[in-house]
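Overview (structure and organization)
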Amino acid sequence: MTLRPLLLALALAATLPMTSHAQSPATAPSAPAPAAQPTLLSVSASAEASRKPDIATLSTGVVTQASDANAAMRENAQRMDRVLAALRAAGIAERDIQTSGINLNPQYKYVDGAPPAITGYQASNTVNVKVRDLARLGKVLDTLVAQGANQINGPSFGIDRPEEALQEARIAAVRKAQAMARTYADALGMRVLRVVSLSEGGTTPPRPLPVMRVAAAPMAMMEKDTAVAAGESSVSVTIEMVFELGH
């Protein structure tokens, strides 16, 4: 067997140019561009709704003084019984009469150089009253004084069922917040896209009118019923709304 043909083939293969095929690596995908942050606008708005009040609340009671504690409490109890009876006779329901405080306190005499000396005792009994017939409120006040009440604080006027007024105030507050959002968007050359959130910050109960104080007076001085003006009562609602603005 001759080696010449094999050597000739190897020699020819050695003289041929060598070619290489290099494969470029796959191009890595580019990272996505960060999403644009939305423009958010937070708005706070408040609104009120008014109604004619239909209830009045007041506190009334008796304050008595005596040389000893038992006498002060007994006299107070007797006069307070008449006051409560007068309330019931005026048509005030039991559920609208609530005791708010009963107190008994010593009364002192102060003299320089000497310890305080007890000179007597003061007893007090107070109830909170809700009057639903406002047309009779003045007569109720006068009757209380005539029957022995020597303390009256109030009245405060309110709305017994404020739900309808609160709903009206909520709607007005939302519309006010929406109008504010449109104003800001227009100033920025943008528009309101959507409501992101809405929360209610709180509601305000009917605001009471100034307090009236009545002291005991003889019936001869009360020639007519005490004048009372109920006016209007208002409820208010505050909301927070967040809007998204865009182009």
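Everything here concerns the structure above.
Definitions and limits used
- Residues numbered from 1 in each chain as written.
- Predicted model: local features only at pLDDT ≥ 70, side-chain atom pairs only at ≥ 80, totals over all residues.
- Heavy atoms only, no water.
- Helix = DSSP H or I, 4+ residues; strand = E, 2+ residues; numbered from the N terminus.
- Contact = heavy atoms within 4.5 Å.
- Areas by Shrake-Rupley, 256 points an atom, 1.4 Å probe, with all protein chains shown as cover.
- Salt bridge = Lys/Arg side-chain N within 4 Å of Asp/Glu carboxyl O.
- Buried < 20%, exposed > 50% of the residue type's maximum accessible area, 1.4 Å probe, protein only.
- Pairing = 2+ DSSP bridges.
- Axes fitted to C-alpha atoms, helices over the stretch in contact; angles between N-to-C directions.
- Core = buried A, V, L, I, M, F, W, Y, C linked by side-chain atoms within 4.5 Å.
- Polar contact = N/O pair within 3.5 Å; in protein donor to acceptor, adjacent residues only side chain to side chain.

We now examine the overall build of the protein. Broken down by element type, the protein carries four helices and eight strands. Counting from the amino terminus, helix and strand elements in the protein follow one another as α-β-β-α-β-β-α-β-α-β-β-β. For the protein, the share of sequence-separated contacts (at least 6 apart) that also reach a separation of at least 24 residues comes to 84%. Taken as a whole, the protein presents about 16,300 Å² of accessible surface, with 55% of it coming from carbon and sulfur.

On to the pattern of salt bridges, then. The tally for this structure, following the rule as stated, stands at eight salt bridges. A salt bridge links D96 to R132; its shortest N-O distance comes to 2.9 Å. A residue pair is termed long-range when its members are at least 10 positions apart, and D96 in the loop between helix 2 (69-89) and strand 3 (97-109) and R132 in the loop between strand 4 (117-131) and helix 3 (137-146) qualify at 36 residues. With a relative accessible area of 8%, D96 lands in the buried category. Taking the relative accessible area as the measure of exposure, R132 reaches 30% and is therefore partly exposed. In this structure, the salt-bridge partner of R170 is E200, at a minimum N-O distance of 2.7 Å. One end of the pair, R170, is in helix 4 (residues 163-187); the other, E200, is in strand 6 (residues 191-204), with 30 residues separating them in the sequence. Residue R170 is classed as partly exposed on the basis of its relative accessible area of 27%. A single salt-bridge network, built from bridges that share partners, covers R51, E164 and E168.

Our focus in this paragraph is unusual backbone geometry. Comment: phi is negative for the bulk of residues other than glycine, and the bulk of peptide bonds are trans. For the bond from G154 to P155, the omega torsion is 0°, close enough to zero to count as cis. Position of P155 relative to the elements: it lies in strand 5 (residues 151-158).

What follows concerns the sheet that holds strand 6. Strand order in the open sheet formed by three strands is 1-8-6, with antiparallel pairing between adjacent strands. Strand pairing shows two members of the sheet lacking a second neighbour, strand 1 (39-51) and strand 6, which therefore form its edges. Adjacent strand axes in the sheet meet at a mean angle of 20° when their direction is disregarded. When strand 1 meets strand 8 (residues 233-246), the two strands line up antiparallel, connected through 13 bridges. Across the sheet, residue A49 finds its bridge partner in strand 8, namely V235. Set on the sheet, helix 4 makes contact with strand 1, strand 6 and strand 8; between it and strand 1 the angle comes to about 145°.

In this structure, L58, L87, I92, V127, V129, L137 and L144 are the most contacted members of the largest nonpolar core, which totals 22 residues. Breaking this core down by element, the ones donating at least two residues are strand 2 (55-66), helix 2, strand 4, helix 3 and strand 5. V43, I159, A173 and V237 belong to the second largest nonpolar core, which has 20 residues in total.

To continue, consider the side chain of T126. Relative to the elements of secondary structure, T126 occurs in strand 4. Exposure remark for T126: the relative accessible area of 19% places this residue in the buried category. In this view, T126 contacts S59, T60, G61, Q98, T99, S100 and G101; residues no more than four positions away in its chain are not counted.

Counting through the fold element by element, S44 comes out in strand 1. Linking S44 and K176, residues 132 residues apart in sequence, is a C-alpha distance of 9.1 Å. The residues touching S44, leaving out its near neighbours within four places in the chain, are M180, T238, I239 and E240. Within polar-contact distance, the side chain of S44 engages the side chain of E240 at 3.3 Å.

Read these as layout, nothing more, since geometry by itself doesn't imply function.
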